[in-house]
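Structure assessment
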Amino acid sequence: MRRHSRHVPHLPGVLCLVMSVAGCATAPDPAPVSGGTSSVEGTIASIDTRPWTYDGNAIVMLDVPGRDQVAVHLPARWNLCKAAPVDMDALAVGMRVRATGSSGEPGEVVVCEQASHGLAPVR
């Protein structure tokens, strides 16, 4: 009696295709659980927009007097936010800015959920 094995010759290719499609369908980094709205003023220490290349949040680090640094998260998909897009060309390291957004993890502000959220130079 001969046994037949259920060998699927294209299984590795199918799995690769499924994983590729799932990777493209993932959502951007979610905002941390909202703990309310916060506003901070500080000086830009660094600007990292590299996460935007994979739908992550750009991060602007602020030096805030009397506190540790604050990470300001800027989503890659502004069309999913109520806040107006931040003009990144108007920002530079050393510039004094005000960030208003949802506070989540300690030391983080996410600019997205409300129309009043934003990151802009302080004059």
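Bear in mind the structure is a predicted one, so any value in this text is a computation, not a measurement. (Residues numbered from 1 in each chain as written. Predicted model: local features only at pLDDT ≥ 70, side-chain atom pairs only at ≥ 80, totals over all residues. Heavy atoms only, no water.)

**Observations regarding the pattern of salt bridges**
Here the structure, examined in full by the defined rule, presents four salt bridges. Between R98 and E41 there is a salt bridge, with its nearest N and O atoms 2.3 Å apart. Of this pair, R98 sits in strand β4 (residues 96–103) while E41 is found in strand β1 (residues 37–48), placing the two residues 57 residues apart along the sequence. You can call R98 partly exposed: its relative accessible area is 39%. In this structure, D48 engages R50 in a salt bridge whose closest nitrogen and oxygen atoms are separated by 3.0 Å. Judged by its relative accessible area of 23%, D48 is partly exposed. With a relative accessible area of 60%, R50 lands in the exposed category. Overlapping salt bridges, with partners in common, bring together E41, R96 and R98 in one network. (Salt bridge = Lys/Arg side-chain N within 4 Å of Asp/Glu carboxyl O. Helix = DSSP H or I, 4+ residues; strand = E, 2+ residues; numbered from the N terminus. Buried < 20%, exposed > 50% of the residue type's maximum accessible area, 1.4 Å probe, protein only.)

**Quick look at the state of the cysteines**
According to the stated counting rule, one finds one disulfide in the structure shown. Across the disulfide, C81 is cross-linked to C112 (sulfur-sulfur distance 2.1 Å). Disulfide C81-C112: torsion about the S-S bond near -95°, hence left-handed. With C81 in the loop between β3 (70–74) and β4 and C112 in the loop between β5 (108–110) and β6 (118–121), this residue pair connects regions lying 31 residues apart in the sequence. Taking the relative accessible area as the measure of exposure, C112 reaches 13% and is therefore buried. (Disulfide = S-S within 2.5 Å.)

**Focus on the pairing of β3**
Buried residues dominate β3, accounting for five of its five residues. The alternating pattern of β3 places V70, V72 and L74 on one face and A71 and H73 on the opposite face, and all of these are buried. Where strand β2 (residues 58–63) and β3 come together, five bridges link them in antiparallel fashion. Residue M61 lies in a different strand from β3, and its bridge partner there is A71. Counted along the chain from β2 to the antiparallel partner β3, the turn is six residues long, and its residue G66 has a positive phi close to 80°. Where β3 lies against β5, three bridges are found, and the strand directions are parallel. Its bridge partner lying in β5, A71 is registered against E108. (Pairing = 2+ DSSP bridges.)

Everything listed here is a matter of coordinates, which is why it stays silent on function.
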